[in-house]
Structure formats: C-alpha cells, structure tokens
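One-letter residues, chain by chain:
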Amino acid sequence: MSHINIPFFLPHMGCTQRCVYCDQNLIANEKLPAEEEFRRKVEAYLEASKKADSMEIAFFGGSFTVLPREVQKKYLSLAAEYVGKGAIRGIRFSTRPDAIDHEIINFLEEYPVTTIELGVQSADERVLTASKRGHDLVDILKSTSIVKRRGYRLGIQMMTGLPGDDYERSVYTADKIAALRPQFVRIYPTLVLKGTILEQMMNRGEYIPWEIEETLELADVIMSIFLRENIPVIRLGLYSENPDFESNIAAGPYHPALKSLVLSRMYRNRLEERLAGSGDIHLKVSPFDVSTAYGHGGQNRQYFMEKYGRRLCVKSEETLPRYCFEYQGRHVPLYKENL
Ligand code: SF4
C-alpha cells in the first residue's frame, strides 16, 4: 500500500527553544507558503500521485501546535478543504511532547487531523536535558497517551547518539517507545550540523560524534525491537533534498542510504550467528530483499568471502515475507531473538 505525504515545512516555527543538534533551515530551505502557493503544491501532488493509496497533507520541521492559533486555523482549514473533497485522507503534523494536551486536541478535533508525530528523541532525562529539549519523560508519556486515547495515529521520532546518550540509553529509549505502541517510528542518528550548538560542544570536546560502525550495531538492536513488535520504521537516517545539506555535516554517522545499510548488517549478523557447514552459503529471501541480503554494494558477499572463504548465494523466494530468510531449511527472522 503506497502512502504519500504532501509536505509543508515550517522550519523552527513554534519551537520554544533550540535543541542543540537542530537546524531545520538546512534540512528544508522552505517556509509556510501563501494560500495560492499552498493550493498549487497540493494540486500538483494530486495530479502526479493518482496511483497513491492514501495521501496526507503534512506539516513538518517545527512545532505545529505551538504556532499562533490563527496560523494553525488557516492551514488546517485549507488542508481540510481537500480532505472534504475526498482527495486527501487527512492531515498530519509533527510537534513537541509538551505541546499536546486535551485543550489542544479539543481545538484540533474541528479539523480532519489523522496523524500526530511527536519528537520524543530520548526517554532518558539526562539526554533530554543535555540536548536542551525543554521537556521531560512525563511530557512524553502524557502526550503519547493523549494522542492515542483521542484516536489519532501516533508517530514517534527517536534519536540515537545525542549528548549524554550511550548504547544502553538508546536501547532503553527504543524499548520505552515500543511499549507506547506507536503506529510508526522514525529513527535519526545524531549528526553534527555546522553552525549548531552541538558543533560548538564537539569543538570544545564536550561531545564525541558517533561512528557509523557503532551506529550500525546499535541500529541492529533498535530495529530488532521495532520489527519484533511489528512497529514500522518508516525512516532511518536524516535525509534532505537541500543540495547544501551534505556539505554542512561537520561529523557523525551519515550515509545517504543508512536504512539499507542497517538492514544489510542485520542480514549479515543473523546469518553469521547461525553459520554452519562449509562451502557456498545458500539463502532464500523475499524478492524485495535480495540486494539487501547481499549487502549494500555487495558488502555481505565480500564479508563472508573474506572472513570465511565462502560464497554467499541469495535466491528470491516469492512465498517469503520481507525481513526474514530461509537458511538450511529454517525460517529466520531478521530481528535479534535474544534481546
Ligand atoms: S528538534 Fe524540533 S523542537 Fe527542537 S529545535 Fe528542532 S524543530 Fe524545534
């Protein structure tokens, strides 16, 4: 089932303070458009995406529910028109955990909002404080509970490698988030963007950026938690269409196809844990996962050849679901079973 968001960015609008790692202007060099431009964009998406199963008008990059009510009303009403015509399923936006309460939801109820994404980032108080998030775990628990009880789809954004974070705290955060049963999750390993407070912290030696290798091994565990719980991870890794984005990354575990890299590593790890016999290694996977099982750029094939002198042979098998494989007649899930 294909879903498309018609994205509108409100860089930092409504943010009550600046989180140390954040520069939304670099991620999307846009601002909320005037009405005419808004309509043009929605209609262009509708024309180009006739085959999509569902579409939402989405407001990202800031704290939507902190915007002045008049601004919220203007864009919610505009978006609601398209939902009323049946062209769009609903409205989604991202906001802060301390910017959702029953009064705010009462206001939103007048509009066809379907999905609320909360920037949770970490469940560890030290990490939240060191990252200057300006909210605590109680805000996270309250807001997620309100969003779910009031019948909205809940999306949660988490980050790894924030100041004060470590392997255990990231895994703890993933466990806490999974227990909240969101409809989907986005995972963003922390990047040090030029001009941010985090870059200053790094330059003063107060923050050490994470390496890609430790991020991959951590992501194996975190993805395993969400896969096991059937919670879709709809994004892993920061992405931007801004051509200047990559040149403004000062440090951190950046890769343009990080999710694919992580899934490849999961295939490698699960297979290696079960490796038996000798000679060629024969796997069967879903047709969608053949290249991932071979590894990003053939990395897994190279790994097994160099380490074990064995050739990895991956076969497509229509009957297999995604994110698992068949090895030596046994069905193996991609998630770590002994978490
Ligand atoms: S992370 Fe969210 S709340 Fe923090 S500065 Fe960025 S947009 Fe604002």
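J.: Explain the overall build of the protein chain to me, please; I cannot follow it from the model alone.
T.: If you tally the helices and strands in the protein chain, you get 12 helices and 13 strands. Computed over C-alpha atoms, the radius of gyration of the protein chain comes to 21 Å, within 12% of the 20 Å expected from 2.2 N^0.38 for 339 residues, which places it in the range of a compact globule. Oriented by its inertia axes, the alpha-carbon framework of the protein chain measures out at about 70 × 50 × 40 Å. Within the protein chain, buried positions represent 53% of all 339 residues. Sequence-distant contacts in the protein chain: of pairs separated by 6 or more residues, those separated by 24 or more amount to 78%. Here the protein chain has roughly 15,600 Å² of accessible surface; of this, 49% comes from carbon and sulfur atoms. The averaged location of the 45 negative side-chain charges in the protein chain is 3 Å from the averaged location of its 44 positive side-chain charges.

J.: Could you clarify how one ought to interpret the site of the ligand in this entry?
T.: In the vicinity of the ligand, the contacting residues are His12, Cys15, Gln17, Cys19, Tyr21, Cys22, Gln24, Gly61, Arg96 and Arg133. Of all the cavities here, the one that holds the ligand is the largest pocket. By residue class, the composition of the shell around the ligand is four nonpolar, four polar and two charged.

J.: Just to check I follow, could you spell out the sheet that holds strand 13 (residues 330-333) for this structure?
T.: Picture the strands of a sheet paired through backbone hydrogen bonds; they go either parallel or antiparallel. Spatial strand order, 11-10-12-13: four strands in an open sheet with mixed pairing. Of all strands in the sheet, those bounded by a partner on one side alone are strand 11 (312-316) and strand 13. Ignoring which end each strand starts from, the neighbouring axes of this sheet average 30° apart. Along the sheet face, helix 10 (residues 258-274) touches strand 10 (281-285), strand 11, strand 12 (324-327) and strand 13 and points at about 30° away from the line of strand 12.

J.: Explain the nonpolar core to me, please; I cannot follow it from the model alone.
T.: Counting 95 residues, the largest nonpolar core has Phe38, Ile57, Phe59, Leu108, Ile116 and Phe226 as the members making the most contacts within it. With nine residues, the single largest contributor to this core is helix 9 (residues 212-228). Two domains share this core, each providing at least three of its residues, namely domain 1 (3-256) and domain 2 (273-333). Once you skip the residues sitting within four places of it in the chain, phenylalanine 38 turns out to touch Phe8, Pro33, Ile57, Phe59, Tyr75, Leu78, Ala79 and Tyr82. Counting residues in each nonpolar core, the second largest holds six residues, with Ile27, Leu191, Phe245 and Ile249 among its members.

J.: Sorry if this is basic, but what is going on with the packing of helix 10 against helix 12 (residues 299-308) here?
T.: Packed helices, taken two at a time, are described by the angle between their axes plus the distance between the axes. Relative orientation of the contacting elements helix 10 and helix 12 amounts to 35°, with a least axis distance of 10 Å. As helix 10 runs across helix 12, the sense of the crossing is right-handed. Contacts from Leu261, Ser264, Tyr267, Arg268, Leu271 and Glu272 in helix 10 reach Gln299, Asn300, Tyr303, Phe304, Lys307 and Tyr308 in helix 12. Counted by class, the contact of helix 10 with helix 12 contains six nonpolar, three polar and three charged residues.

J.: What should I look at first to understand the packing of aromatic side chains in this one?
T.: Remark: the centre distance and the inter-plane angle together describe each pair of aromatic rings, the angle taken between the planes. All told, the structure shown has 13 aromatic pairs when counted by the stated rule. A ring pair is formed by phenylalanine 304 and tyrosine 308, whose centres lie 6.0 Å apart and whose planes are at 25°; its orientation type is stacked. Of this pair, phenylalanine 304 and tyrosine 308 are both found in helix 12, four residues apart, which corresponds to roughly one turn of the helix. Take phenylalanine 304: its relative accessible area is 0%, and that puts it in the buried class. The class of tyrosine 308 is partly exposed, set by a relative accessible area of 34%.

Definitions and limits used
Residues numbered from 1 in each chain as written. Predicted model: local features only at pLDDT ≥ 70, side-chain atom pairs only at ≥ 80, totals over all residues. Heavy atoms only, no water. Helix = DSSP H or I, 4+ residues; strand = E, 2+ residues; numbered from the N terminus. Rg over C-alpha atoms; globule rule 2.2 N^0.38 Å. Buried < 20%, exposed > 50% of the residue type's maximum accessible area, 1.4 Å probe, protein only. Contact = heavy atoms within 4.5 Å. Areas by Shrake-Rupley, 256 points an atom, 1.4 Å probe, with all protein chains shown as cover. Lys, Arg positive; Asp, Glu negative; His and termini not counted. Charge placed at Lys NZ, Arg CZ, Asp CG, Glu CD. Near = heavy atom within 4 Å. 1 Å grid on protein atoms, 1.4 Å probe; cavity = no way out; pocket = protein on both sides within 12 Å on 5 of 7 lines; lining within 4 Å. Sits in = over half its atoms within 2 Å of the grid points. Nonpolar A, V, L, I, M, F, W, Y, C, P; charged D, E, K, R; others polar. Pairing = 2+ DSSP bridges. Axes fitted to C-alpha atoms, helices over the stretch in contact; angles between N-to-C directions. Core = buried A, V, L, I, M, F, W, Y, C linked by side-chain atoms within 4.5 Å. Domains from an automatic or database assignment. Left-handed = near helix turned anticlockwise from the far one by under 90°. Phe/Tyr/Trp six-rings, centres within 6.5 Å; stacked < 30°, edge-to-face > 60°.

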